[in-house]
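# Architecture and fold: a report
One letter stands for each residue in the lines below.
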Amino acid sequence: MGLLDILLGRTKPVAPDLDQLFALPSAAVTLQAAAGFTPTGTGAVCFATVEGSAFEQTHREVQALLDADTDRSGPPVELRRDDYGYSWLVSARSPEQLPELVNDLHAVNSAMEINGFGPQLLCSLAAFTDDGGRRLAMVYLYKRGTFYPFAPLPGAAERRDNALELQVKAALGNELRIEQDLGRWFPVWGAPGL
């Protein structure tokens, strides 16, 4: 960062740190103890929709990589598009396989980054639920290298449980690198598996 950047108030963007994803399984233990949420086994990687043969090749490589896992049953990665025009690569595991799910998310992110699709990556999430049926996602912001909780309220209206999100922020503050700017806690309405 140069003197001109400092004078103009420009900051250097935080480099993505995909290894932060590996802190999620231990944070899940704290999340269960503090708020009663357990993993659903579903996770997804969101990115700006990409067309073309290069992306199709990357998708096939990710599919082949995750197909090689003999512990997996069913389709390893499913490509979906949401109502907002974003694409999601969705991985489904059994609820007790959160470490394996995190490996899947890391592999998808890494493959896209290595193949030149890093700028299109937006976020990754792992879904959780409690005994009362409340839903929660721990969302990893790719470009910030931070997590935040997203808790949609049940029903058709797009509303969030802000109190629960702040409770989870407080509970996991020592476990995960939590995004401190609440303005960046974007809602992920329609996220697959949530």
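Now for a description of the structure that goes with this document. (Residues numbered from 1 in each chain as written. Predicted model: local features only at pLDDT ≥ 70, side-chain atom pairs only at ≥ 80, totals over all residues. Heavy atoms only, no water.)

### Quick word on the overall build of the protein chain
What counts is decided by this rule: Elements are defined by DSSP. Helices are runs of H or I of four residues or more, strands are runs of E of two residues or more, and each kind is numbered from the N terminus. Relative accessible area decides the class of each residue, using a 1.4 Å probe on protein chains only: under 20% of the type maximum gives buried, over 50% gives exposed, and in between gives partly exposed. In this analysis, two residues are considered to be in contact whenever any of their non-hydrogen atoms come within 4.5 Å of each other.
Of regular secondary structure, the protein chain possesses five helices and six strands. The helix and strand sequence of the protein chain, counted from the amino end, reads α-α-β-α-β-β-α-β-β-β-α. Out of the 194 residues in the protein chain, the part that is buried amounts to 45%. Sequence separation of at least 24 residues holds for 65% of the intrachain contacts in the protein chain that already meet a minimum separation of 6.

### What about the pattern of salt bridges?
Inclusion rule: Salt bridge criterion: a side-chain nitrogen from Lys or Arg within 4 Å of a carboxyl oxygen from Asp or Glu.
Counted by the stated rule, this structure contains seven salt bridges. We note a salt bridge from D104 to R93, for which the minimum N-O separation is 2.9 Å. A residue pair is termed long-range when its members are at least 10 positions apart, and D104 in helix α4 (residues 98–114) and R93 in the loop between β3 (86–92) and α4 qualify at 11 residues. Residue D104 is classed as buried on the basis of its relative accessible area of 2%. The partner of R184 in a salt bridge is D181, with the nearest N and O atoms 3.6 Å apart. Of the residues examined, R184 reaches a relative accessible area of 31% and is grouped as partly exposed.

### Re the pairing of strand β1 (residues 38–48)
Threshold: Between any two strands, at least two bridges found by DSSP are needed for them to pair.
Within β1, eight of the 11 residues are buried, leaving the element largely enclosed by the surrounding structure. Across seven bridges, the pairing between β1 and strand β4 (residues 121–129) is antiparallel. Counted as the bridge partner of G43 is A126 from β4. Sheet topology places β1 next to β3; seven bridges connect them, and they run antiparallel. The partner of V45 across the bridge, within β3, is L89.

### Quick notes on the side chain of S124
Applied cut-off: In protein, a polar contact means a hydrogen-donor-capable atom and an acceptor-capable atom, both N or O and within 3.5 Å, with residues adjacent in sequence counting only if both atoms are side-chain atoms; elsewhere, any N or O pair within 3.5 Å suffices.
Along the polypeptide, S124 turns up in strand β4. Looking at S124, its side chain comes within polar contact range of the side chain of N109, at 2.8 Å. Those residues in contact with S124 that lie beyond four places of it in its chain are A44, V45, N109, M138, V139 and Y140.

### What about the nonpolar core?
We apply this condition: Think of a nonpolar core as a cluster: buried Ala, Val, Leu, Ile, Met, Phe, Trp, Tyr and Cys residues, connected wherever their side-chain atoms sit within 4.5 Å.
Counting 57 residues, the largest nonpolar core has W88, F128, M138, L176 and V188 as the members making the most contacts within it. Counting residues per element, this core draws most heavily on α4, at eight residues.

### Overview of the sheet that holds β3
Put simply, the rule is: Each axis is a line fitted through C-alpha atoms, and for a helix only the stretch in contact is used; angles between axes span 0 to 180 degrees, taken between their N-to-C directions.
The six strands lie next to each other as β2-β3-β1-β4-β5-β6, forming an open sheet whose pairing is antiparallel. Looking along the sheet, the strands with just one partner apiece sit at the ends: β2 (77–81) and β6 (146–150). Looking at each pair of strands side by side, their axes are set apart by 25° on average, direction ignored. Judged from the five bridges that link them, β2 and β3 form a sheet pairing that is antiparallel. Directly across from L79, in β3, lies its bridge partner L89.

### Looking at the packing of aromatic side chains
Note the threshold: When the centres of two rings from Phe, Tyr and Trp lie within 6.5 Å, Trp using its six-membered ring, the rings pair. Their planes under 30 degrees apart give stacked, over 60 give edge-to-face, and anything left gives tilted.
Here the structure, examined in full by the defined rule, presents three aromatic pairs. Between F150 and W189, the aromatic rings sit 5.1 Å apart at their centres with planes inclined by 75°, giving edge-to-face as the arrangement. Separated by 39 residues along the polypeptide, F150 in strand β6 and W189 in the segment after α5 (162–172) bring together distant segments of the chain. F150 sits in the buried class, given a relative accessible area of 1%. We classify W189 as buried; its relative accessible area is 17%.

### As for the packing of helix α2 (residues 24–35) against α5
Worth spelling out the cut-off: The scheme is simple: roughly parallel for angles under 35 degrees, roughly antiparallel for over 145, roughly perpendicular for 65 to 115, oblique for anything else. Crossing handedness follows the turn of the near helix against the far one: under a right angle anticlockwise gives a left-handed crossing, and clockwise gives a right-handed one.
Between α2 and α5, the least distance of the axes is 10 Å, while the angle of their chain directions is 125°. Classified by the interaxial angle, the pair formed by α2 and α5 is oblique. Note that α2 runs across α5; the crossing there is right-handed. Contacts from A27, T30, L31, A34 and A35 of α2 reach α5 at Q167, V168, A171 and L172.

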